[in-house]
Amino acid sequence: MNLRELAAFLKTRRARVRPADVGLPTGPRRRVPGLRREEVAQLASLSADYYTELERGRGAQPSAQTLAALARALRLEGDERDHLFHLAGRPVPATHGPTAHVQPAMLAMLDRLATTPAMIITDLHETLAQNDLAAALIGRHPMRTGPQASYVYRWFTDPAARTLYPQDEHPHHSRVFVSDLRAVAARRGRDAHVLRLVATLRRRSTEFAGLWDDHTVALRRADHKRLVHPTLGIIEVDCHSLFSEDGRQRLLWFTAPAGSRGAAQLELLSVIGTQDMSLDASDVTQASFRGSD
């Protein structure tokens, strides 16, 4: 690990990124080029003190997850991301998993969706980036490694993962997840990462095994969803997808028709964020919906 070079590299990359590039306001009192240290820390979900220590050439060796988050926050290109990992003494990650390098074009699109819930995932449903509204809508996805990084894996092995959808719709989502995974597996060929995920799920879930053996195949390009929000109740949204050129990454964003109850709930969500409200959410939503008539 080269702490001095790592610190210098982080400083120069931070100075290069304009606040507008990452969806931050440009204030009149900015005295430094590019981003402030606390802004990089915020974008990477790190403490400002820890990031400051890195830029001073101190502190513990960053984890692979931390480095991946910094690469996204600083909008590093592929070679720059690899250089960051080399300086930190970490192996360069593969092209899959939660530490995969997010394509800059995808991140640029995500930045422009600040008023819309949006996120970037891999084709195996491993979350790479979420904006604040997506976290408020569906929860902040945990940074995990191995099969547990995939929401498909958690769907079939962890009952808590299913609370996002109404119980009577679980069979539908199970079928959609499996048919989507079959399409991905066929496109990737004998990809070891996919083979391991499928083999593990077949052992862990009889439901998955039965659906997999049915051989239904269809990429999940768009969908109408009913999401269970802990404060606002059922929110009906349309989920749209934009695929990267190689098909390995997807930008997802959630909308609702203008004037609909879902649109009113999404507008309210932008106000309350991830905080709980003490008043009855159904009353607030009804009032907001009536106000949109």
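Residues numbered from 1 in each chain as written. Predicted model: local features only at pLDDT ≥ 70, side-chain atom pairs only at ≥ 80, totals over all residues. Heavy atoms only, no water.

Caption draft 1: Fine view of the pattern of salt bridges. Under the counting rule described, the total for this entry stands at 18 salt bridges. For Glu80, the salt bridge identified is with Arg16, shortest N-O distance 2.7 Å. Residue Glu80 is located in helix α5 (residues 78–87), and its partner Arg16 is located in helix α1 (residues 3–16); the two are separated by 64 residues in the primary sequence. Owing to a relative accessible area of 16%, Glu80 belongs among the buried residues under this scheme. Residue classification places Arg16 among the partly exposed residues on the basis of a relative accessible area of 38%. Three or more residues are tied together by salt bridges with common partners; here these are Asp123, Arg187, Arg188, Asp191 and Arg248. (Salt bridge = Lys/Arg side-chain N within 4 Å of Asp/Glu carboxyl O. Helix = DSSP H or I, 4+ residues; strand = E, 2+ residues; numbered from the N terminus. Buried < 20%, exposed > 50% of the residue type's maximum accessible area, 1.4 Å probe, protein only.)

Caption draft 2: Structural context of the side chain of Lys225. If you trace the backbone, Lys225 turns up in strand β3 (residues 222–229). Here Lys225 occupies a buried position and makes no salt bridge, while the nearest side chain of opposite charge, Asp223, is found at 4.3 Å. A distance of 3.0 Å separates a polar atom in the side chain of Lys225 from a polar atom in the side chain of Tyr165. What Lys225 contacts, discounting residues up to four positions off in sequence, is Tyr165, Arg220, Ile235, Glu236, Val237, Cys239 and Phe254. (Lys, Arg positive; Asp, Glu negative; His and termini not counted. Polar contact = N/O pair within 3.5 Å; in protein donor to acceptor, adjacent residues only side chain to side chain. Contact = heavy atoms within 4.5 Å.)

Caption draft 3: How the structure looks around empty space enclosed by the protein. Evaluation of the coordinates by the stated rule reveals two cavities of 30 Å³ or more. Approximately 240 Å³ is the volume found for the largest cavity. In terms of lining residues, the largest cavity is bounded by 20 residues, among which Ile121, His125, Tyr165, Lys225 and Leu252 are the most central. Sorting the residues of the lining of the largest cavity by element identifies β1 (118–122), β3, β4 (233–243) and β5 (249–255) as the ones contributing at least two each. (1 Å grid on protein atoms, 1.4 Å probe; cavity = no way out; pocket = protein on both sides within 12 Å on 5 of 7 lines; lining within 4 Å. Points joined across faces, edges and corners; volume = space filled by probe spheres on them.)

Caption draft 4: Geometry of the layout of surface pockets. Empty space within the second largest pocket amounts to approximately 270 Å³. Taken together, 14 residues form the lining of the second largest pocket, with Ile138, His141, Tyr151, Ala160 and Ala161 sitting closest to its centre. Residues of the lining of the second largest pocket, tallied by class, amount to seven nonpolar, three polar and four charged. (Nonpolar A, V, L, I, M, F, W, Y, C, P; charged D, E, K, R; others polar.)

Caption draft 5: View of the sheet that holds β1. One open sheet accounts for five strands, arranged β2-β1-β5-β4-β3; its pairing is antiparallel. What marks the edges here is a single partner per strand, and that holds for β2 (127–130) and β3. Mean inter-strand twist for the sheet, computed between neighbouring axes without regard to direction, equals 30°. Bridging between β1 and β5 involves five bridges; their strand directions are antiparallel. (Pairing = 2+ DSSP bridges. Axes fitted to C-alpha atoms, helices over the stretch in contact; angles between N-to-C directions.)

Caption draft 6: Broad picture of the pairing of β1. Of all five residues in β1, five are buried; the element is thus mostly enclosed. By the alternation rule, side chains of β1 split into Ala118, Ile120 and Thr122 and Met119 and Ile121, which are all buried. Hairpin geometry of β1 and β2 is characterised by an intervening segment of four residues between the two adjacent antiparallel strands and by a positive phi of about 60° at His125.

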